[in-house]
Amino acid sequence: MNAITPKKLFIRTYGCQMNVYDSERMSESLTDAGYTAVDTPDEADLVLLNTCHIREKAAEKVYSELGRMRKLAEEKATRGETMRVGVTGCVAQAEGEEIVRRQPLVDLVVGPQAYHRLPAMLDALDAGQGAQVETDFPAEDKFAALPKRARRASPSAFLSVQEGCDKFCAFCVVPYTRGAEFSRPVAQVMTEARRLAESGVREVTLLGQNVNAYHGEDDGGTATLASLARQIAQIDGIERIRYTTSHPNDMDDDLIAAHGDLPELMPYLHLPVQSGSDRILKAMNRKHTADSYLKLIDRIRAARPDMAMSGDFIVGFPGETDADFEDTLALIDAVGYAQAFSFKYSPRPGTPAASSEQVPEPVKEERLVRLNDLLRVHQIRFQDSCVGRVLPVMFEKTGREPGQLTGRSPYLQPVHVYAPDNMIRQIVPVRIDATFPNSLSGTLIEETA
Ligand code: 5AD
Ligand code: SF4
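Given the structure is predicted, the values throughout are model-derived calculations rather than measurements.

## Points about the overall build of the protein chain
Phase 1 of the analysis: Secondary structure assignment for the protein chain yields 15 helices and 21 strands.
Phase 2 of the analysis: Against the 2.2 N^0.38 benchmark of 22 Å for 449 residues, the protein chain shows a C-alpha radius of gyration of 23 Å, consistent with a compact globule.
Phase 3 of the analysis: In terms of overall dimensions, the protein chain has C-alpha extents of about 60 × 55 × 50 Å along its principal axes.
Phase 4 of the analysis: Residues counted as buried form 54% of the 449 residues belonging to the protein chain.
Phase 5 of the analysis: Excluding contacts between residues fewer than 6 apart, the proportion of contacts in the protein chain whose partners are at least 24 apart in sequence is 73%.
Phase 6 of the analysis: Accessible surface for the protein chain amounts to roughly 19,400 Å². Of this, 52% is attributable to carbon and sulfur atoms.
Phase 7 of the analysis: Looking at charge distribution, the protein chain has the averaged site of its 51 positive side-chain charges lying 2 Å from that of its 64 negative ones.

So, in structure tokens, the structure goes:
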């Protein structure tokens with residue numbers, strides 16, 4: 001497998017944290033196959049576009065990026081260099097062979113369940129077997145087949161524990177691109193978590209499209225996300241645990257209780273609601289109401305009073321009236337989100353809502369602006385409420401200003417602090433002095449004492 005001269009790999013990652021994790025794992029598996037990572041496609045022998053299909057014209061964006069890659073490949077050819085190009089991720093899964101038909105430059109098309117086959121597919125290319133397309137959901141387990149985790153610079157790492165989704169929200173392409181729900185067995189997750197801890201990781205973010213539906217095999221039984229988190233919290237060195245993304249209907253009593261009594265579970269929860277209108281929630285096939293969501297948040301906050309909430313919102317879902325939209329604004333006021341993501345509805349081919357009559361674009365646009373204005377008010381309110389508090393900050397990297405480090409608060413806010421480099425990886429108390437829209441700044445408590 002070892003190449004004589006190291007080949008150079010560039011991966012461009014689009015979309016969600018799951019893709020960030022997948023890119024890391026692909027990079028590790030290709031390192032074992034003789035590749036080193038580089039920072040630009042210019043330097044690379046192999047370029048992978050790890051794509052996202054969740055919204056707006058995703059496939060078109062990939063094709064235009066491939067157009068740019070084609071020009072780059074042609075320039076390189078004049079210098080006698082070759083460059084291979086692969087498309088991975090959800091657009092690869094959705095488009096398959098079509099990608100090679102539309103852009104013959106492409107050598108590899110690999111769906112998210114087949115990444116462990118990349119080295120073998122590259123060997124097949126070397127053997128002159130032509131473009132390789134792999135979008136099946138293979139029987140073998142890609143996680144078991146991927147190499148062990150590499151040593152890492154950051155004290156924070158993603159760990160994928162669950163993939164796929166069985167919920168079939170009417171707007172969402174995930175159940176089609178990532179397939180049915182699958183949970184990694186506890187033993188496998190624990191091995192990876194221990195390995196991360198040994199390499200200096202102190203915070204793990206458990207990832208899954210529907211992570212709180214986790215139901216991994218555990219000693220002949222089934223573990224919940226709460227029991228998995230409790231086991232991970234036992235690992236020496238792991239101080240913080242987060243998880244994303246969750247569905248309201250899978251927030252079970254167990255998990256809510258863990259937020260109350262497991263200090264490693266951070267008080268920040270991304271719990272998308274999508275809309276505050278019961279009519280629209282029904283049309284979205286969400287299977288919860290605005291009221292059941294609010295009651296759920298009351299229960300979560302009863303367990304963990306300082307829980308910072310995050311969410312996702314879609315405006316302009318087919319059939320959404322002004323009154324429905326007002327219900328969404330009212331729900332936002334009732335929850336008081338610390339931060340949130342908002343999207344205009346974008347019809348995804350093959351999903352149930354795509355064929356319904358669409359809300360006109362200017363209406364979507366106007367609603368998005370109003371929604372964002374309101375979310376910003378809540379975000380600033382939350383940021384301001386942190387001023388004067390002492391928060392434990394985990395330093396992750398050097399900051400923008402010389403002498404500064406950037407870390408994260410328990411509520412996931414970036415915090416900028418003047419602190420020596422050797423404090424990276426440490427979790428220390430910081431007094432919050434000032435806020436910015438998306439971050440905080442503070443002072444080491446020792447210095448101010
Ligand atoms: N249009 C707009 N937003 C969408 N999302 C998922 N599918 C669509 C779509 N078709 C949003 C949802 C989801 C987030 C990851 O992306 O809010 O929670
Ligand atoms: Fe998509 Fe999330 Fe709904 Fe699953 S629960 S279909 S991933 S929006």
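## What to know about the side chain of Thr328
Phase 1 of the analysis: Mapped onto the elements of the fold, Thr328 is located in helix α13 (residues 322–335).
Phase 2 of the analysis: Residue contacts for Thr328: discarding those within four places in its chain leaves Ser275, Gly276, Ser277, Phe313 and Leu371.

## Quick look at the packing of helix α10 (residues 253–261) against helix α12 (residues 290–303)
Each pair of packed helices can be summarised by the angle the axes make with each other and by the distance between the axes.
Phase 1 of the analysis: In contact at an axis separation of 7 Å, α10 and α12 are set at 35 degrees when each is read in the N-to-C sense. Residues Asp253, Ile256, His259 and Gly260 of α10 touch α12, and the partners they reach there are Leu296, Arg299, Ile300 and Ala303.
Phase 2 of the analysis: Taken together, the residues of the contact of α10 with α12 sort by class into four nonpolar, two polar and two charged.

## Some words on the sheet that holds strand β5 (residues 108–110)
Phase 1 of the analysis: Read from one edge to the other, the open sheet built from six strands follows the order β2-β1-β3-β4-β5-β6, with strand pairing classed as parallel. If you trace the sheet from one side to the other, it starts and ends with β2 (35–37) and β6 (132–134), each paired once. Across the sheet, the mean angle from the axis of one strand to that of its neighbour is 20 degrees, orientation sign disregarded.
Phase 2 of the analysis: Pairing between strand β4 (residues 84–89) and β5: three bridges, direction parallel. What sits directly across from Val87, in β5, is Val109.

## Re the packing of aromatic side chains
Phase 1 of the analysis: On inspection of all chains with the given rule, the structure shows five aromatic pairs.
Phase 2 of the analysis: Seen in terms of ring centroids, Phe171 and Phe317 are 6.4 Å apart; in terms of plane orientation they differ by 85 degrees. Their pairing is edge-to-face. Taken together, the residues span a long stretch of sequence, with Phe171 in the loop between β8 (162–163) and α7 (174–177) and Phe317 in the loop between β15 (308–315) and α13 at a distance of 146 residues. One exposure class covers both Phe171 and Phe317, and it is buried.
Phase 3 of the analysis: Considering the side-chain rings of Phe317 and Tyr345, the 5.3 Å spacing of their centres and the 70 degrees angle between planes classify their relative orientation as edge-to-face. Of this pair, Phe317 sits in the loop between β15 and α13 while Tyr345 sits in the loop between β16 (339–344) and α14 (361–385), placing them 28 residues apart in sequence. Summarising the burial analysis for this pair, Phe317 and Tyr345 share the class buried.
Phase 4 of the analysis: Three or more aromatic residues joined by ring pairs make a cluster, and in this case those are Phe171, Phe317 and Tyr345.
Phase 5 of the analysis: Directly above the aromatic system of Tyr63 lies the positively charged group of Arg102, at a separation of 3.7 Å from the ring centroid.

## Brief notes about the site of ligand 1
Phase 1 of the analysis: Contacts to ligand 1 come from Ile54, Arg55, Phe171, Gln274, Asp312, Ile314, Phe343, Lys344, Tyr345, Ser346 and Arg348.
Phase 2 of the analysis: Here Gln274 contributes a side-chain N or O atom positioned 2.6 Å from an oxygen atom of ligand 1.
Phase 3 of the analysis: One of the backbone N or O atoms of Ser346 is found 2.7 Å from a nitrogen atom in ligand 1.
Phase 4 of the analysis: The protein chains hide 88% of the 400 Å² of surface that ligand 1 would expose on its own.

## Some words on helix α1 (residues 17–32)
Phase 1 of the analysis: For α1, spanning 16 residues, the distance from its first C-alpha to its last is 23 Å, which sits close to the expected 22 Å at 1.5 Å a residue.
Phase 2 of the analysis: When α1 is considered as a whole, its buried residues turn out to be Met18, Asn19, Tyr21, Asp22, Ser23, Arg25, Met26, Ser27, Glu28, Ser29 and Leu30.
Phase 3 of the analysis: Two residues or fewer after α1 comes Gly34, characterised by a positive phi angle close to 100 degrees.

## Description of the domain arrangement of the protein chain
Phase 1 of the analysis: Partitioning the protein chain into domains gives domain 1 (7–134), domain 2 (148–266), domain 3 (292–385) and domain 4 (390–444).
Phase 2 of the analysis: Between the C-alpha centres of domain 2 and domain 4 the distance comes to 26 Å.
Phase 3 of the analysis: The partner domain 4 presents 12 residues to the 14 residues of domain 2 that form the contact.
Phase 4 of the analysis: Of the roughly 920 Å² buried at the junction of domain 2 and domain 4 (both faces included), carbon and sulfur atoms supply 51%.
Phase 5 of the analysis: Put simply, domain 2 and domain 4 have zero salt bridges between them.

## Some thoughts on the sheet that holds strand β10 (residues 203–207)
Phase 1 of the analysis: With respect to topology, three strands assemble into an open sheet ordered β7-β10-β13, the strand pairing being parallel. Each edge of the open sheet is held by one strand with a lone partner, namely β7 (156–160) and β13 (240–244). In this sheet, adjacent strand axes meet at a mean angle of 25 degrees when their direction is disregarded.
Phase 2 of the analysis: Relative to β13, β10 is paired through five bridges, and the arrangement is parallel. Each residue of the ladder has a partner; that of Leu207, found in β13, is Thr244.

## A few points about unusual backbone geometry
Residues other than glycine predominantly adopt negative phi, and peptide bonds predominantly adopt the trans conformation.
Phase 1 of the analysis: Following Thr244, the chain continues to Thr245 via a peptide bond in cis, the omega torsion being 0 degrees.
Phase 2 of the analysis: Mapped onto the fold, Thr245 is located in the loop between β13 and α10.
Phase 3 of the analysis: Look at Phe168: it is not a glycine, yet its phi comes out positive at around 55 degrees.
Phase 4 of the analysis: Tracing the backbone through its elements, the reader meets Phe168 in the loop between β8 and α7.
Phase 5 of the analysis: On the accessibility criterion, Phe168 (39% relative accessible area) is partly exposed.

Analysis parameters
- Residues numbered from 1 in each chain as written.
- Chains lettered and ligands numbered in written order.
- Predicted model: local features only at pLDDT ≥ 70, side-chain atom pairs only at ≥ 80, totals over all residues.
- Heavy atoms only, no water.
- Helix = DSSP H or I, 4+ residues; strand = E, 2+ residues; numbered from the N terminus.
- Rg over C-alpha atoms; globule rule 2.2 N^0.38 Å.
- Buried < 20%, exposed > 50% of the residue type's maximum accessible area, 1.4 Å probe, protein only.
- Contact = heavy atoms within 4.5 Å.
- Areas by Shrake-Rupley, 256 points an atom, 1.4 Å probe, with all protein chains shown as cover.
- Lys, Arg positive; Asp, Glu negative; His and termini not counted.
- Charge placed at Lys NZ, Arg CZ, Asp CG, Glu CD.
- Axes fitted to C-alpha atoms, helices over the stretch in contact; angles between N-to-C directions.
- Nonpolar A, V, L, I, M, F, W, Y, C, P; charged D, E, K, R; others polar.
- Pairing = 2+ DSSP bridges.
- Phe/Tyr/Trp six-rings, centres within 6.5 Å; stacked < 30°, edge-to-face > 60°.
- Lys NZ or Arg CZ within 6 Å of the ring centre and 35° of its normal.
- Near = heavy atom within 4 Å.
- Polar contact = N/O pair within 3.5 Å; in protein donor to acceptor, adjacent residues only side chain to side chain.
- Expected span 1.5 Å × (residues − 1).
- Domains from an automatic or database assignment.
- Buried area = accessible area lost by both parts, 1.4 Å probe.
- Salt bridge = Lys/Arg side-chain N within 4 Å of Asp/Glu carboxyl O.

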